[in-house]
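# Inside the fold
The lines below spell out each chain.
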Amino acid sequence: MANKNRWLIALSAVAIHLSIGSVYAYSVYQNPLKETLGWEKTDVSLAFTIAIFILGIAAAFFGRFVEKRGPRVSAMIAAVFFGIGIIGSGFAIQLENYVLFLIFFGVIGGLGLGFGYIAPVSTLVKWFPDRRGLATGMAVMGFGAGALITSPIASRLMIATSIPTTFYVLGISYFILMILGALYIAKPPEGWAPEVMEENREERPVKADLAQLNANEAIKTKRFWLLWIMMFINISAGIMILSVAAPMAQEITGASAITAAGIVGIMGLFNGGGRIGWASASDYLGRGNTYMTFFLIQVAAFFILPFITNSLIFSVFLYIIVSCYGGGFASLPAFIGDLFGTKQLGAIHGYLLTSWSIAGVVGPMLVSSIYENTQSYTITFYVFGTMLAIGFIVSLLMKRDIKKIRTAKKEKRASGQLVTE
């Protein structure tokens, strides 16, 4: 394994994430399925909601399996589940069986998402101890960019062939791409470090991890739950914006449907770009400072947005918010490594992704409920702005907790005591 190229490992991770990231292109199937089979948009959307929910749950329950069996086996399992999920969805559509579609796309495909999401990123953290943010940002950017590639391809395939055939072609393609990625990806040898890190150790020393904990130990710490709350709030705000961006832009700024659709399309670029940009920046800013920045920026944006009537300025604020949403995902694995070490990073990552499962339900439901009762998005901005302000306070508590632990470790080290926390 020592002779493996870590950049090719990163490319393998990107291949896996590009494939499963195609789930974000799901909206391209909504109108065709409604027109062809008569399924309502809310019914079609349920499959996506189930898939994202299962992603978080699967990541939590199988994180330990990923750590035990390694990224190659886990990525192969992901390829099988996701490939069968997409191909089976095509079969369900051909049979016009809605329940079968929910099972294949939502449940089986969701399991593939869970395995496929955590296996590459936990491995990359170990291959890039000197550039954790950059490495995980590359992989998770692939997840964000998957929709940009799949969306036009799926649209053209549905026009040229049929909806079931589109799912068959894509499912087989994803399976092949994920298997190719799985065949190369592997953990680095124990204690491995890149040559460049050894050469630059004196010039740019890498800060030691706060601790080396297993998953059971991690979930008993205060900082695990502080990070869970931070992720939940950041994801809830981002998913809320993503779920209603088009109608929100039309109502507040008077933008046309075509302009609103263009705004949504460009948001995908900022979602992906924010992942690599913010995660790379976190290597220099520090992960805690990066999350504090996310919350500060978004608090300001959410309280300003209701007063903006210019569609261009409004869209710029949306792009900034979505970049923070993507950046939060991309910076998470590196933050986990900083806080808990790499002993069981995949398992801890899985537990923290339950925040995604819950936020994926809470965010859209909360904005829909507020809008139905007020017929306005203004209150929504204030509610989520307040949540983000709480997120900022939690990030301050996180910084304080980290400082307290580091200070205690220095004192105990000075007195010759060994510490694990």
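Residues numbered from 1 in each chain as written. Predicted model: local features only at pLDDT ≥ 70, side-chain atom pairs only at ≥ 80, totals over all residues. Heavy atoms only, no water.

An unreviewed UniProt entry lists the chain under the name OFA family oxalate/formate antiporter-like MFS transporter, with Cytobacillus firmus given as the organism. Under the heading Subcellular location (unreviewed entry), UniProt records this for the chain: "Cell membrane". (UniProt positions renumbered as here; feature names shortened; annotations may be inferred.)

Here we come to the domain arrangement of the chain. Many authors give the size of an interface as the accessible area that is lost as the parts come together. The domains assigned to the chain are domain 1 (6–187 + 195–200) and domain 2 (215–410). Contacts between the two partners involve 29 residues from domain 1, matched on the other side by 35 residues from domain 2. In total, domain 1 and domain 2 occlude about 2,700 Å² of area from one another, counting both sides; carbon and sulfur atoms represent 66% of this. Applying the counting rule to domain 1 against domain 2 returns one salt bridge. Counting across the interface, domain 1 meets domain 2 through nine residue pairs in polar contact (both at pLDDT 80 or more). Broken down by secondary-structure element, the contributors of at least two residues to the side of domain 1 that touches domain 2 are α3 (41–69), α5 (98–127) and α6 (132–160). Examining the composition of the side of domain 1 that touches domain 2, we find that 11 residues originate from one element, α6, more than from any other. Looking at the side of domain 1 that touches domain 2 residue by residue, the classes come out as 17 nonpolar, seven polar and five charged. (Domains from an automatic or database assignment. Contact = heavy atoms within 4.5 Å. Buried area = accessible area lost by both parts, 1.4 Å probe. Salt bridge = Lys/Arg side-chain N within 4 Å of Asp/Glu carboxyl O. Polar contact = N/O pair within 3.5 Å; in protein donor to acceptor, adjacent residues only side chain to side chain. Helix = DSSP H or I, 4+ residues; strand = E, 2+ residues; numbered from the N terminus. Nonpolar A, V, L, I, M, F, W, Y, C, P; charged D, E, K, R; others polar.)

Turning our attention to α6. In a regular helix each residue adds 1.5 Å, so 29 residues correspond to 42 Å; α6 covers 42 Å between its end C-alpha atoms and thus fits that length. Of all the bends in α6, the greatest measures close to 40° and is centred on Gly144. (Expected span 1.5 Å × (residues − 1). Bend = angle between axes of the 7 residues up to and from the residue.)

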